[in-house]
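# Results of the structural survey
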Amino acid sequence: MAATEGHGTVPVMRIDFVSDVVCPWCAIGLASLSEALRRLQGEVKAEIHVQPFELDPEMPDEGMDVAENLKRKYGMSDAQLAENQERIRQRGAELGFHFDFNARSRTWNTLSAHRLLHWAETQGPGLQLALKGALLVAHFSQGRNVSDHAVLAEIAGGVGLDADKAREVLDSDLYADDVQAAERFFQKLGINSVPAVIVDRRHLISGGQPPEVFAQALRQIAREPKPAANGEAT
């Protein structure tokens, strides 16, 4: 859906936020995007749709030690890993997001979390985004297992979703095909790293950018002429 006019002259943008639950730069990106939208109140409005991306789709159910996984995957030394974590911690702190790398000892398979997020979008406005934020806090601030169904159902209940229904979704294979189809769709668009912010299905902003970068880009997009409605995707 391209940007349309909301009440008055404030344009409403569709924002697809492509990300994973165990991606620290996705936590930074979402916090930064939220801050940018706060700064743009009165100029633009946004409908944010959380979209799936699995950093490690082959991650076993028991997860992996996060430090060993990162060193294996990116060839980091202990010193490089510590430096990278400190940079992430500082960026998060600037945005009000707390990273506790001592609490977070393992990384997990995230398919179930993405299935739950897909379901949450069907349950009412704002619930999917609230769940996404809560999952990022659970993993990065509290070191919780975001592949455990009981943990996921509890987190869902904490943001206003029905915890029993969430558990029913998790204990089935519901929405797995939808999640994987969405992942393939964005991969075919060239999304191979996250976070990726797609505005009105036409404009890509990559990475965990600072709020001022997001704000500048969104302000510029809002001022662009609107495309013709004929044949427009919704």
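Use the structure listed above.
What comes next is a walk through the structure. As a convention, each chain's residues are numbered from 1 in the sequence order in which they are written. With pLDDT at 70 or above as the cut-off, local features in this predicted model cover only qualifying residues; side-chain atom pairs require 80 or more to be listed or tallied, and sums for whole chains, interfaces and linings still use all residues. Each side-chain value is derived from all of the structure's non-hydrogen atoms; neither hydrogens nor water enter the calculation.

### Focus: the nonpolar core
We define the nonpolar core as a collection of buried residues of types Ala, Val, Leu, Ile, Met, Phe, Trp, Tyr and Cys that are connected through side-chain atoms lying within 4.5 Å of one another. A 1.4 Å probe rolled over the protein chains alone gives each residue an accessible area, and that area as a share of the maximum for its type sets the label: buried under 20%, exposed over 50%, partly exposed in between. One finds Met13, Ile15, Leu33, Phe99, Val197, Val199 and Leu218 to be the most contacted residues of the largest nonpolar core, which totals 27 residues. Strands are runs of DSSP state E lasting at least 2 residues, helices are runs of H or I lasting at least 4, and numbering of each runs from the N terminus. For this core, the secondary structure elements donating two or more residues are strand S2 (11-19), helix H1 (24-39), helix H5 (127-140), strand S6 (196-199) and helix H9 (211-223). For valine 199, the contacting residues outside a window of four places in its chain are Met13, Arg14, Ile15, Ile205, Leu218 and Ile221. Counting residues in each nonpolar core, the second largest holds 23 residues, with Val21, Ala113, Ala138 and Leu170 among its members. Contacts are assigned to residue pairs that have any heavy atoms within 4.5 Å of one another.

### Remarks on the packing of helix H6 (residues 149-158) against helix H7 (residues 163-170)
Closest axis-to-axis distance for the H6/H7 pair is 8 Å, and the angle between their directions is 145 degrees. Classified by chirality, the crossing of H7 by H6 is right-handed. On H7, the residues touching His149, Ala150, Leu152, Ala153, Ala156 and Gly157 of H6 are Ala163, Ala166, Arg167 and Leu170. Ten residues, namely Ala, Val, Leu, Ile, Met, Phe, Trp, Tyr, Cys and Pro, are considered nonpolar, four, namely Asp, Glu, Lys and Arg, are considered charged, and the remaining ones, Gly among them, are considered polar. Within the contact of H6 with H7, the residues separate by chemical class into 7 nonpolar, 2 polar and 1 charged. Axis lines are fitted through C-alpha atoms, for helices just across the contact stretch, and the angle between N-to-C directions can take any value from 0 to 180 degrees. In this scheme, a crossing is called left-handed if the near helix is turned counterclockwise away from the far one by less than a right angle; it is called right-handed if the turn is clockwise.

### Details of unusual backbone geometry
Proline 195 follows valine 194 through a cis peptide bond whose omega is 5 degrees. If you trace the backbone, proline 195 turns up in the loop between helix H8 (176-188) and S6. Backbone geometry at aspartate 200 places phi at a positive 55 degrees, although glycine is not the residue there. Relative to the helices and strands, aspartate 200 resides in the loop between S6 and strand S7 (203-206).

### Focus on the side chain of arginine 115
Along the chain, arginine 115 falls in helix H4 (residues 111-120). A distance of 3.0 Å separates a polar side-chain atom of arginine 115 from the backbone oxygen of leucine 174. In contact with arginine 115, other than residues within four places in its own chain, are His149, Val169, Leu170, Ser172, Asp173, Leu174, Tyr175, Ala176 and Val179. A 3.5 Å cut-off defines polar contacts: any pair of N or O atoms within that distance qualifies, except that in protein one atom must be a possible hydrogen donor and the other a possible acceptor, and neighbouring residues in sequence count only when both atoms are side-chain atoms.

### Quick look at the packing of aromatic side chains
The geometry of an aromatic ring pair is captured by two quantities: the separation of the ring centres and the angle between the planes. Working definition: a ring pair exists when centres of Phe, Tyr or Trp rings (six-membered ring for Trp) sit within 6.5 Å. Plane angles under 30 degrees give stacked, over 60 give edge-to-face, the rest tilted. Within the structure shown, the criterion is met by 4 aromatic pairs. On the basis of an interplanar angle of 5 degrees and a centroid distance of 5.6 Å, the ring pair of phenylalanine 99 and phenylalanine 101 is categorised as stacked. When the ring of phenylalanine 185 is compared with that of phenylalanine 186, the centres are 5.1 Å apart and the planes differ by 85 degrees; the resulting orientation is edge-to-face. Among the residues examined, phenylalanine 186 registers a relative accessible area of 6% and is labelled buried. One aromatic cluster is present, built from ring pairs that chain together Phe97, Phe99, Phe101 and Phe140. The rule is short: NZ of Lys or CZ of Arg within 6 Å of the ring centre and within 35 degrees of the ring normal puts a charge over the ring. Looking at arginine 106, its charged tip hangs above the ring of tryptophan 108, at a distance of 5.9 Å from the centre.

### Here's the deal with H8
Expected helix span is taken as 1.5 Å per residue step, with the number of steps being one fewer than the number of residues. Helix length check: H8 (13 residues) gives 18 Å between terminal C-alpha atoms against 18 Å at 1.5 Å per residue, within 8%. Every buried residue belonging to H8 is among Ala176, Val179, Ala182, Glu183 and Phe186, and all of these are buried. Along the axis of H8, the buried residues cluster in a sector spanning 130 degrees; they form a single face. Exposed side of H8, more than 90 degrees from the buried face: Asp177 and Lys188 are the residues found there. Turning to H8, the residues buried within the fold contact S2, strand S3 (45-52), H4 and S6. Taken from the residues just after H8, glycine 190 is the one with a positive phi, measuring 100 degrees. Along the arc lie the directions from the helix axis toward the C-beta atoms.

### Re the pairing of S2
Taking burial as the measure, the 9 residues of S2 include 9 buried ones, the bulk of the element. By the alternation rule, side chains of S2 split into Pro11, Met13, Ile15, Phe17 and Ser19 and Val12, Arg14, Asp16 and Val18, which are all buried. Pairing of S2 with S3, which is carried by 8 bridges, proceeds in the parallel orientation. Across the sheet, serine 19 pairs through a bridge with proline 52, a residue of S3. Every crossover in which the path from the first strand over the helix to the second runs clockwise, viewed with the strands pointing away from the viewer, is termed right-handed. Viewed along the sheet, the connection from S2 through H1 into S3 turns out right-handed. Being paired, for any two strands, means DSSP has found at least two bridges between them.

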